[in-house]
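# A structural walkthrough
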Amino acid sequence: MAKRLRFMALLSGAISSALILSGCLGNPPSSTSDSSATTPVATPVNKNAGLEVSTINLGYIPILEAAPLVIGVEKGFFAKHGLAVNLAKQASWGAARDNLVLGSVGGGIDGGQWQLPMPQMISEGAITNGNKVPMYILAMLMSQGNGIAASNNVKDANLSINLKTSSPGHFETFNQKHGRRFKATYTFPKANQEIWIRYWLAGNGVDPDKAVELLKVPAPETLQGMKNGTMEAFTTGDPWPSRITKDNIGYLVATTSQIWKSHPEEYLAVRADWVDQHPKAAVALIKGLIEAQIWLDKPENKDAAARILSSRKWYNVPLPVLQQSLKGQYKIGSAGKVASDPAMGPLFWNSDRGVISYPYKSLTLWFLLESMRWKFFPGTVDTIEQAKAINEKVTREDLWKQAAKEVGVPVKDIPSGSSRGKEIFFDGVVYDPEKPQAYLSSLTIKK
Ligand code: CA
């Protein structure tokens, strides 16, 4: 109750400061010069925040992971702390990466929403043709809320989280019957989506480099391919997996929450030069984000969030798709069993492992360990020492802590260390962040 009252006080503060500012300054002129990709900021920005800069340009992909950024803009959480956040929709993950390299000065973006280890690999030049653009990871945007979907053409295979019981020998049978390997796609390689599908297969004793063909395909082409029978599965964030079910193209094989409960999903990361030049603004950005995440996690706000996100201005998808996925309502498996459990859906603030938003180094390191496991970035991440060194440079827990204190997060909810402790996956494998080599050694299928 106390928590709720304090939150209401924060919220009414945002509203009253907005009213005062609009009273002083009058309504801002309506913007007509912005491109359709950039959304003008509606809430007047608090001019008394004392920041080094009053705007930041962030990229986003219209999936649930970006919800805290959209809500932060729409509900005025960033503006309240003195920052106008311009959110620019990115055509693809590759476009987001290229725009980050350009930076705002080059007509690009200062940061935004990322799958891991994109910020680490952009920092190291591993996915930017050797061009190193140092970045900082500032917060986790969302946990869970992603899934692996399969086409109705493989409905008989009854694919599930546990292939050993649901679909033994499926990939061998499929490959023999079709004279080609089962195709599974993602929209950007060597990051979350590919890592989840690899983890799921390997955890079931299926070698992803032998049994299936993994490839990068834009989401709309994947949907067409699943209809035509040229592709069988793909992995991504909602609304896509839920749309596949709704449009009767395929079925949800597994949610990522089944693979790893309260797992790290996507992160807010910004160019290091921007943060170093504007440390107060960086903290203001995290403060607005934290308030947006707290707002998003409240059950009573789910419908309002779905209405904002599904609108033409943002994701332009049918409202029920987002209403259901925000509440953790899925149809899982080839039989379409209805599962409704908010704890299995997207999490923005609370989880059984504590605060989601905090950028635990133990979790950002895990993506670098998986990169080692699959030999994603030879020459950049080959050893634990390299992985740890990159992780120390890129993941910033200090700014998050400062922001959390300033915005009134209770001390008990602010993590004190860099490790969330041991993590357990669906196949029983344990990742102990204190023993990264033991984790890698325990994995039987790897490259
Ligand atoms: Ca994702």
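Residues numbered from 1 in each chain as written. Predicted model: local features only at pLDDT ≥ 70, side-chain atom pairs only at ≥ 80, totals over all residues. Heavy atoms only, no water.

### Observations regarding the side chain of arginine 271
Formally: Numbering of helices and strands runs from the N terminus; a helix is a DSSP stretch of H or I covering at least four residues, while a strand is a stretch of E covering at least two. Two N or O atoms form a polar contact when they lie within 3.5 Å of each other; inside protein one atom must be a possible hydrogen donor and the other a possible acceptor, and for residues adjacent in sequence the pair counts only when both atoms belong to side chains. For this analysis, residues touch if any pair of their heavy atoms sits within 4.5 Å.
Relative to the assigned elements, arginine 271 resides in strand β10 (residues 267–271). Side-chain polar atoms of arginine 271 contact the backbone oxygen of leucine 100, separated by 2.9 Å. Engagement of the side chain of arginine 271 in a polar contact is seen with the side chain of aspartate 273, the distance being 2.8 Å. Once you skip the residues sitting within four places of it in the chain, arginine 271 turns out to touch Leu100, Val101, Leu102, Gly103, Ile109, Asp110, Val133, Pro134 and Met135.

### Some thoughts on the nonpolar core
Filter applied, for reference: In plain words, nonpolar cores are sets of buried Ala, Val, Leu, Ile, Met, Phe, Trp, Tyr and Cys residues tied together by side-chain atoms within 4.5 Å. Exposure classes here rest on a 1.4 Å probe applied to the protein chains alone. A residue is buried below 20% of its type maximum, exposed above 50%, and partly exposed in between.
By size, the foremost hydrophobic cluster in this structure holds 140 residues, and its most contacted members are Leu159, Leu285, Ile290, Trp366, Trp400 and Tyr439. With 11 residues, the top contributor of residues to this core is helix α13 (residues 279–297). What leucine 285 contacts, discounting residues up to four positions off in sequence, is Ile56, Leu58, Phe78, Leu83, Val85, Leu138, Leu268 and Val270.

### Brief notes about the pairing of strand β12 (residues 337–340)
We apply this condition: Here, any two strands with at least 2 DSSP bridges between them count as paired.
Bridge analysis of strand β11 (residues 329–332) against β12 gives 4 bridges, and the strand direction is antiparallel. The residue of β12 that forms the bridge with isoleucine 332 is lysine 337.

### Remarks on the pattern of salt bridges
To keep it simple, the criterion reads: We define a salt bridge as a contact between a side-chain nitrogen of Lys or Arg and a carboxyl oxygen of Asp or Glu at a distance within 4 Å.
With the rule as written, the count across this model stands at 19 salt bridges. The shortest N-O distance in the salt bridge between lysine 412 and aspartate 413 comes to 3.2 Å. When its relative accessible area of 17% is taken as the criterion, aspartate 413 is described as buried. Look at the salt bridges and you will find they share partners, linking Glu194, Arg198 and Asp209 into a network.

### A few points about the coordination of the calcium ion
Formally: Sodium, potassium and calcium take a 3.2 Å donor cutoff, other metals 2.8 Å, and in both cases only N, O and S atoms count; water is not among them, so sites may look incomplete.
Within the protein, the calcium ion binds to Glu65 (OE), Asn146 (OD1), Glu265 (OE) and Glu266 (OE); these donor distances fall in the range 2.2 to 2.5 Å. Counting the intervening residues between successive donors of the calcium ion yields the motif E-x80-N-x118-E-E. Here asparagine 146 lies in strand β5 (residues 146–151) and glutamate 65 lies in the loop between β1 (55–60) and α2 (67–74), a separation of 81 residues in the sequence. Neither glutamate 65 nor asparagine 146 differs from the other in exposure class; each is buried.

### As for the packing of helix α14 (residues 302–310) against helix α15 (residues 319–326)
Counted only if it meets this: Only the stretch in contact is used when a helix axis is fitted, and all axes are lines through C-alpha atoms; the angle between N-to-C directions ranges over 0 to 180 degrees. Working definition: roughly parallel below 35 degrees, roughly antiparallel above 145 degrees, roughly perpendicular at 65 to 115 degrees, and oblique for all remaining angles. Here a crossing is taken to be left-handed if its near helix is turned anticlockwise relative to the far helix by less than a right angle, and right-handed if that turn runs clockwise. The nonpolar class holds Ala, Val, Leu, Ile, Met, Phe, Trp, Tyr, Cys and Pro. Asp, Glu, Lys and Arg form the charged class, and all remaining residues, Gly among them, are polar.
One way to put it is that α14 packs onto α15 with a least axis distance of 9 Å and a crossing angle of 135 degrees. Accordingly, the angle class assigned to the pair α14 and α15 is oblique. Crossing angle aside, the handedness with which α14 passes α15 is right-handed. Along its contact with α14, which presents Lys302, Asp303, Ala305, Ala306, Arg307, Leu309 and Ser310, the element α15 presents Leu319, Leu322, Gln323 and Leu326. In terms of residue class, the contact of α14 with α15 is built from 6 nonpolar, 2 polar and 3 charged.

### Remarks on the confidence of the model for the protein chain
Let me state the cut-off plainly: Think of pLDDT as the predictor's per-residue confidence, scored from 0 to 100.
Mean pLDDT over the protein chain: 91, with 91% of residues reaching 70 or higher. Note that residues 1–38 has pLDDT below 50 and, in this model, 34 contacts with residues that lie over four places away or in other chains.

### Examining the packing of aromatic side chains
Aromatic rings in a pair are described by how distant their centres are and how their planes are angled relative to each other. Under the convention used in this document: Side-chain rings of Phe, Tyr and Trp (the six-membered ring for Trp) are treated as a pair once their centres are within 6.5 Å; stacked means planes under 30 degrees apart, edge-to-face means over 60, and tilted covers the remaining angles. By definition here, charges over rings are those cases where NZ of Lys or CZ of Arg is within 6 Å of the ring centre and within 35 degrees of the ring normal.
In the structure shown here, the tally under the stated rule is 18 aromatic pairs. A ring pair is formed by tryptophan 366 and phenylalanine 367, whose centres lie 5.1 Å apart and whose planes are at 80 degrees; its orientation type is edge-to-face. Of the two residues, tryptophan 366 and phenylalanine 367, both sit in the buried class. Grouping aromatic residues by their ring pairs yields a cluster made of Trp196, Tyr199, Trp260, Trp366, Phe367, Phe425, Phe426, Tyr431 and Tyr439. Over the ring of tryptophan 374 we find arginine 198, and its NZ or CZ is 4.7 Å from the ring centre. Its end group placed over the ring of tryptophan 240, arginine 243 keeps NZ or CZ at 5.5 Å from the ring centre.

### Notes on the sheet that holds β1
Spatially, β2-β1-β3-β10-β4 is the arrangement adopted by the 5 strands of the open sheet, whose pairing is mixed. Lying at the two open borders of the sheet, with one neighbouring strand each, are β2 (84–89) and β4 (135–140). Ignoring strand direction, the axes of neighbouring strands in this sheet form an average angle of 30 degrees. Pairing geometry for β4 and β10, over 5 bridges, is antiparallel. Bridging from a neighbouring strand, methionine 140 pairs with tyrosine 267 of β10. Strands β1, β2, β3 (111–114) and β10 of the sheet are contacted by α2, whose axis makes an angle of about 135 degrees with β2. In this fold α13 packs onto β1, β2, β4 and β10, with an angle of close to 25 degrees to the strand it touches most, β4.

### A few points about unusual backbone geometry
In this chain, leucine 116 is followed by proline 117 through a cis amide linkage whose omega measures 5 degrees. For the bond from aspartate 238 to proline 239, the omega torsion is 20 degrees, close enough to zero to count as cis. Unusually for a residue other than glycine, serine 262 sits at a positive phi of about 55 degrees. By the element assignment, serine 262 lies in the loop between α11 (256–259) and β10. With a relative accessible area of 1%, serine 262 lands in the buried category.

### Looking at the side chain of serine 334
Structurally, serine 334 can be placed in the loop between β11 and β12. At 2.8 Å, the side chain of serine 334 and the side chain of asparagine 158 are in polar contact. Setting aside residues no more than four positions away along its own chain, serine 334 makes contact with Lys155, Asn158 and Tyr251.

### Re helix α7 (residues 170–178)
To keep it simple, the criterion reads: Picture the helix axis, draw a direction to every C-beta atom, and the arc is the one those directions span.
Among all positions of α7, only His170, Phe171, Phe174 and Asn175 are buried. Angular distribution of buried residues about the axis of α7 spans 125 degrees; they occupy a single face of the element. Residues of α7 that are exposed and angled more than 90 degrees away from the buried face: Glu172, Thr173, Gln176 and Lys177. Tucked inside the fold, the buried residues of α7 contact α6 (163–166), β6 (182–186), α8 (192–203) and β7 (212–216). Phi turns positive, to about 65 degrees, at glycine 179, one or two residues after α7.

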